[in-house]
Amino acid sequence: LNTIDMSKRLLIIRHAEAAPAPSSLKDFDRHLTDNGLIQAAKLGHFLLDEQIIPQVIVSSKAVRASDTAQLLAEQLHLDESVIHPHDTLYNISMGG
């Protein structure tokens, strides 16, 4: 009898390092720093090495989150269609 592993994993990944917002830029529009671009790429490589390949990437529409999601998808050799941007994720607070 063949068994199928039906376990699922939920990874919650915060966006990579983002630049501070100058007064002329909305927080929503902040970009990743050069270091943030490297962080996102390294995380994608790590996930690939560990064979942790998401079926879906759900992301805020904020620029820094979208950029992180796109970089992860690229490093994991995934089509951009796996990325599902959502407006409501931007204002979610994890407490603190």
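Located above this text is the structure these notes cover.
In this report, we go over the structure that sits alongside the text.

Here is what the cut-offs are and how they apply
Throughout, a residue's number is its position along its own chain's written sequence, starting from 1. Selection of residues for local features in this predicted model requires a pLDDT of at least 70, selection of side-chain atom pairs for listing and counting requires 80 or more, and totals for whole chains, interfaces and linings are taken over all residues. Derived side-chain values reflect all non-hydrogen atoms in the structure, with water molecules and hydrogen atoms excluded from consideration. Salt bridges are defined as contacts in which a side-chain nitrogen from Lys or Arg sits within 4 Å of a carboxyl oxygen from Asp or Glu. Here a strand is any run of E in DSSP of at least two residues, a helix any run of H or I of at least four, and the numbering for each starts at the N terminus. Accessible area is worked out with a 1.4 Å probe on protein chains only. A residue is then buried under 20% of its type maximum, exposed over 50%, and partly exposed in between. As used in this record, nonpolar core signifies buried Ala, Val, Leu, Ile, Met, Phe, Trp, Tyr and Cys residues forming a set joined through side-chain atoms within 4.5 Å. Residues are treated as being in contact if the distance between any of their heavy atoms lies within 4.5 Å. Any two strands with at least two DSSP bridges between them are considered paired. Whether a crossover is right-handed comes down to one check: with the strands pointing away from the viewer, does the path from the first strand over the helix to the second run clockwise; if it does, it is right-handed. By this rule the span expected of a helix is its residue count minus one, scaled by 1.5 Å. In this description, the arc belongs to the directions extending from the helix axis to the C-beta atoms.

With that out of the way, let us pick up the pattern of salt bridges. The final tally for this structure, using the stated rule, is 3 salt bridges. For arginine 64, the salt bridge identified is with aspartate 27, shortest N-O distance 3.0 Å. Taken together, the positions of arginine 64 in helix H2 (residues 63-75) and aspartate 27 in the segment before helix H1 (34-49) put the pair 37 residues apart, joining distant regions of the chain. Residue classification places arginine 64 among the buried positions, given a relative accessible area of 8%. Aspartate 27 sits in the partly exposed class, given a relative accessible area of 31%.

A separate point is the nonpolar core. Judged by nonpolar contacts, Leu47, Ile52, Ile57, Ala69, Leu72, Ala73, Leu76, Leu78, Val82 and Ile83 together constitute the single largest core of 10 residues. When residues of this core are assigned to their parent elements, the largest contribution, 3 residues, is made by H2. Setting aside residues no more than four positions away along its own chain, leucine 76 makes contact with Gly44, Leu47, Leu48, Ile52, Ile53 and Pro54.

This part is about the pairing of strand E2 (residues 83-86). Two strands pair when backbone bridges link them, and strand E1 (residues 57-60) and E2 are joined in this way by 4 bridges, in the parallel orientation. In the sheet register, valine 58 faces E2, and the bridge partner there is histidine 84. With respect to chirality, the unit in which E1 leads through H2 into the neighbouring parallel E2 is right-handed.

Here the focus is H1. Here H1 spans 23 Å end to end across 16 residues, near enough to the 22 Å set by a 1.5 Å rise per residue. Looking only at H1, the buried set comprises Gly36, Ala40, Ala41, Gly44 and Leu47. For H1, the angular spread of buried residues about the axis comes to 135°, placing them on one side. Among the exposed residues of H1, those pointing more than 90 degrees away from its buried face are Asp34, Lys42 and Asp49. The inward-facing, buried residues of H1 abut H2. The first or second residue beyond H1 is glutamine 51, which carries a positive phi of 60°.

Functional significance is not addressed by these values, which are geometric in nature.
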